[in-house]
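Residue-level structural notes
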Amino acid sequence: MRDADYKEVIKNKTDPEIQPDDLLSISVSSLNPESNVLFNNGVLQTVGSTSSAVATPRTSDGYLVNTDGTINFPVLGKVTVAGLTKDQVTEKLTLEIKKSVKNPIVNIRLINFKVTIVGEVARPSTFNVPSERINLIEALGLAGDLTAYGKRNNILVVREKDGTRSTFRINLESKDVFNSPVFYLQQNDIVYVEPVKSRIQQTNGVTFYLPFVSLVLTIVTALIVFTK
């Protein structure tokens, strides 16, 4: 197989950090059915005819990260999770639960990982990301790519973190796009694709003539009515 034309070590790929208002699905399983019930909101699902059991949380349930960065977890009470990655929270909860349960298995999913793509794209919308990981190119692909009027060399990414809103500019026409600190999007990021100047001028022209078009249509309609 032919060697790649270009290789580069990826240095800007980071795991998403949990933020306030994130919704987490957390399940705990062990060989102790009673403990499973305690740590899973009282919902128990027995596996086969063995004595082991796995607790499954209700699908409508989730642990909302409070504004102070904590979740209210059964038995443990308030647990700080904001600013941590999913793996870090998994390790943290596992260590705490181990004090009461032998060999617990903790599984965590971020239920409401989403990014919003607006502006000059084919399908502007807010997109849920089940994989909890997405880069800018993939996100623009979900939105149907840029329109012919999208400004590719000045994409705006808005990110809120730790109570601070930051903005970043990305040039899709530069190879440095892959090294941008926001090439890998975080949950709740907003991507805005600006229109090129010709699009703005075109829109302004249409807006300018709309009142005149409306007036002409009104006059024509009136003439038709009175001439009948």
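Residues numbered from 1 in each chain as written. Predicted model: local features only at pLDDT ≥ 70, side-chain atom pairs only at ≥ 80, totals over all residues. Heavy atoms only, no water.

1. Considering a nonpolar patch on the surface
Note the threshold: Exposure above 30% relative accessible area and no salt bridge define the residues that can form patches, which grow by joining like charges within 9 Å and nonpolar side chains of Val, Leu, Ile, Met, Phe, Trp and Tyr within 5 Å. Each accessible area value is a Shrake-Rupley result obtained with a 1.4 Å probe; residue values ignore everything except the protein chains displayed when judging cover. Within this document, salt bridges are pairs made up of a side-chain nitrogen of Lys or Arg and a carboxyl oxygen of Asp or Glu, the two lying within 4 Å of each other. Secondary structure counts use DSSP, requiring at least four H or I residues in a row for a helix and at least two E residues in a row for a strand, with both numbered from the N terminus.
On the surface, Val118, Ile190 and Tyr192 cluster together into a nonpolar patch covering about 210 Å² of accessible area. Here tyrosine 192 shows up in strand β14 (residues 190-193).

2. Some remarks on the sheet that holds strand β12 (residues 164-170)
Where we set the bar: Two strands pair if DSSP finds at least two bridges between them. Throughout, an axis means a line fitted to C-alpha atoms (over the contacting stretch in the case of helices), and angles, computed between N-to-C directions, take values from 0 to 180 degrees.
Read from one edge of the open sheet, five strands run β9-β8-β14-β11-β12, paired in mixed fashion. Each end of this open sheet is capped by a strand with a single partner; those strands are β9 (125-128) and β12. Sheet twist, expressed as the mean angle between neighbouring strand axes with direction ignored, is 20 degrees. Of the pairings in the sheet, the one linking strand β8 (residues 114-119) to β9 comprises four bridges and is antiparallel in character. What sits directly across from lysine 114, in β9, is asparagine 128.

3. As for the pattern of salt bridges
Counted by the stated rule, this structure contains 10 salt bridges. Between arginine 169 and glutamate 194 there is a salt bridge, with its nearest N and O atoms 2.3 Å apart. Remark: glutamate 194 occurs in the loop between β14 and α4 (197-227) and arginine 169 occurs in strand β12; sequence separation between them is 25 residues. By sharing partners, the salt bridges in this structure join Lys151, Arg169 and Glu194 into a single network.

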